[in-house]
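Coordinate analysis (summary)
So you can see what is in the structure, the chains are spelled out below.
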Amino acid sequence: MSTASAPPPARPRVEPPPRPVAPGLYLVATPIGNLRDITLRALDVLGVADLVLAEDTRVTARLLNAYGLKAKLERADDHAGGRAAGLAVEAVGSGQVVALVSDAGTPLVSDPGYVVARAVIAAGLPVHPIPGPSSLLAALSVAGLPADRVLFTGFVPPKSAARRAFLEGLAAEKATLVLFETGPRLRESLRDMATMLGPRPAAVTRELTKLYETCVRGSLDELATDPTLEAPKGEIVVVIGPGEAEAASADDVDRALTEALGRLPPGEAAAEVARALGQSRKTLYRRALELKAG
């Protein structure tokens, strides 16, 4: 007779019970590719919504059908934003639940919906986020680049001259940049990025959460010539690492110390400038004393 102990009984599946959905406008994030990325709260809201405002009602109808949900759908794209805003204010004002969704990802992030949200806020009515999928955050998480300070710029201008001017304005930013781009323009856009921003580390992500998900990493000049990035299909997010800070000149240091000494004693002035310029506090303290002595 076997003395092996029986396996422990399977633990019952426990899910948080759905909470009642109060009247209001709900900004509902939807999957950027894989439909299983929908959240339980998103399904709770979409399941009881009296009205769903959608960037494209056909796309949203497919999502609802996948989960056996039915709802009244109205268009809320760039052309129908004003009408959708009026519908939202009227519905929420009468105690209904309204969901606002884009085709994929989080509403209002380079997607329509701002006019609707602003109208409901201006009317003093409740607006709630239902967080979830975001191509911006998904790309940032897999890029392998600093994520402590990030600047999202949306879509890059389509024409090269405007694009270069746009990128020139970003060159001084000491933050990781996240940009949207289309497949047909990607090659030329990467070339302009390499020209205007230099050989910074970067990543090009495509079709995140979908079957052909890819993330190509390298310097901007390497990516600009990568044969795998020749007019790829699908949604594309480019993540670019921050530029290197230029070392402050002696004149820059003296100007910063002189300004700080007008407000602070030498020790505190040196500490403030050291933090700002990334230099030695001890060295700056000696220089602050020299400047103070005159």
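Remember, predicted model here, so these are calculated numbers, not experimental data. (Residues numbered from 1 in each chain as written. Predicted model: local features only at pLDDT ≥ 70, side-chain atom pairs only at ≥ 80, totals over all residues. Heavy atoms only, no water.)

**Concerning the overall build of the protein chain**
Scanning the protein chain for helices and strands turns up 11 helices and 10 strands. Compactness check: the protein chain gives a C-alpha radius of gyration of 26 Å against a globular reference of 19 Å for 294 residues, more than 25% above the reference. Projecting the C-alpha coordinates of the protein chain onto the three principal axes gives extents of approximately 75 × 70 × 50 Å. Each of the 294 residues in the protein chain was classed as buried or not, and the buried ones make up 39%. Residue pairs at least 24 apart in sequence account for 69% of intrachain contacts in the protein chain once pairs closer than 6 positions are excluded. For the protein chain, the exposed surface amounts to about 16,600 Å²; the carbon and sulfur share of it is 55%. (Helix = DSSP H or I, 4+ residues; strand = E, 2+ residues; numbered from the N terminus. Rg over C-alpha atoms; globule rule 2.2 N^0.38 Å. Buried < 20%, exposed > 50% of the residue type's maximum accessible area, 1.4 Å probe, protein only. Contact = heavy atoms within 4.5 Å. Areas by Shrake-Rupley, 256 points an atom, 1.4 Å probe, with all protein chains shown as cover.)

**Notes on unusual backbone geometry**
Leaving glycine aside, a negative phi is the common case for residues, and trans is the common case for peptide bonds. Here Leu 108, not a glycine, exhibits a phi torsion of approximately 80 degrees, which is positive. What makes Leu 108 partly exposed here is its relative accessible area of 31%. The backbone of Thr 209 sits at a positive phi, close to 70 degrees, despite the residue not being glycine. Locating Thr 209 in the fold gives a position in the loop between β8 (201-206) and β9 (214-219).

**Some words on the nonpolar core**
If you look at the biggest cluster of nonpolar residues, it comprises 20 residues, and the most contacted ones within it are Leu 179, Leu 190, Met 193, Val 204, Leu 220, Val 238 and Ile 240. Where this core is concerned, the elements lending two or more residues are β7 (176-181), α7 (183-197), β8, α8 (220-223) and β10 (236-240). When sequence neighbours within four positions are dropped, the list of residues in contact with Leu 220 reads Leu 190, Met 193, Ala 194, Leu 197, Gly 198, Pro 199, Arg 200, Ala 202 and Ile 240. In terms of nonpolar packing, the next biggest core, distinct from the first, is built from 16 residues, Val 28, Val 45, Leu 64 and Ile 130 among them. (Core = buried A, V, L, I, M, F, W, Y, C linked by side-chain atoms within 4.5 Å.)

**Thoughts on the side chain of Arg 187**
Mapped onto the secondary structure, Arg 187 falls in helix α7. There is a polar contact of 2.6 Å between the side chain of Arg 187 and the backbone oxygen of Asp 226. Ignoring anything within four residues of it in the chain, the contact list for Arg 187 reads Leu 223, Ala 224, Thr 225, Asp 226, Pro 227, Leu 229 and Glu 230. (Polar contact = N/O pair within 3.5 Å; in protein donor to acceptor, adjacent residues only side chain to side chain.)

**Remarks on the sheet that holds β9**
With mixed pairing, 5 strands are arranged side by side in an open sheet as β6-β7-β10-β8-β9. Since the sheet does not close on itself, it has two edges, and those belong to β6 (150-155) and β9, each with one partner. Sheet twist, expressed as the mean angle between neighbouring strand axes with direction ignored, is 15 degrees. Looking at chain direction, β6 and β7 are connected through 5 bridges and run parallel. Counterpart to Gly 154 in the pairing with β7 is Leu 179. On the sheet, helix α5 (residues 135-143) packs against β6, β7, β8, β9 and β10 and is oriented at approximately 50 degrees with respect to β10. (Pairing = 2+ DSSP bridges. Axes fitted to C-alpha atoms, helices over the stretch in contact; angles between N-to-C directions.)

**Thoughts on the sheet that holds strand β5 (residues 127-130)**
Read from one edge to the other, the open sheet built from 5 strands follows the order β3-β2-β4-β1-β5, with strand pairing classed as parallel. What marks the edges here is a single partner per strand, and that holds for β3 (73-75) and β5. On average, each strand axis in the sheet is inclined to that of its neighbour by 25 degrees, with strand direction left out of account. Note: strand β1 (residues 24-28) against strand β4 (residues 97-101), 4 bridges, orientation parallel. Looking across to β4, one finds that Gly 24 is bridged to Val 97.

**With respect to α7**
Owing to its 3.6 residues per turn, the α-helix aligns residues three or four sequence positions apart on the same side. Helix length check: α7, at 15 residues, gives a terminal C-alpha distance of 20 Å against a target of 21 Å (1.5 Å per residue), a fit within 8%. Along its length, α7 shows its largest kink, about 25 degrees, at Ser 189. Looking at α7, one finds that the buried residues are Gly 183, Leu 186, Arg 187, Ser 189, Leu 190, Asp 192, Met 193, Ala 194 and Leu 197. Once α7 ends, the next one or two residues include Gly 198, with phi positive near 85 degrees. (Expected span 1.5 Å × (residues − 1). Bend = angle between axes of the 7 residues up to and from the residue.)

**A closer look at the packing of aromatic side chains**
Aromatic rings considered in pairs are described by the distance between their centres and by the relative angle of their planes. Scanning the model with the defined rule gives 2 aromatic pairs in all. Here the aromatic rings of Phe 152 and Phe 180 are separated by 5.0 Å at their centres, their planes lie at 65 degrees, and the arrangement is edge-to-face. Placement of the pair is Phe 152 in strand β6 and Phe 180 in strand β7, with a sequence separation of 28 residues. Given the relative accessible area of 27%, Phe 152 is considered partly exposed. (Phe/Tyr/Trp six-rings, centres within 6.5 Å; stacked < 30°, edge-to-face > 60°.)

**Let's talk about the layout of surface pockets**
For the largest pocket, the calculated volume is near 600 Å³. Forming the walls of the largest pocket are 32 residues, and the residues nearest its centre are Ile 32, Asp 103, Ala 104, Gly 105 and Glu 235. Put simply, the parts of the chain that give the lining of the largest pocket at least two residues each are α2 (57-66), α5, β8 and β10. Counting residues per element, the lining of the largest pocket draws most heavily on α2, at 4 residues. Residues that form the lining of the largest pocket fall into these classes: 14 nonpolar, 10 polar and 8 charged. Along its surface, the second largest pocket is lined by 14 residues, and Pro 18, Arg 19, Pro 20, Arg 41 and Asp 44 are the ones closest to its centre. (1 Å grid on protein atoms, 1.4 Å probe; cavity = no way out; pocket = protein on both sides within 12 Å on 5 of 7 lines; lining within 4 Å. Points joined across faces, edges and corners; volume = space filled by probe spheres on them. Nonpolar A, V, L, I, M, F, W, Y, C, P; charged D, E, K, R; others polar.)

These values are about where atoms sit, not about what they do.
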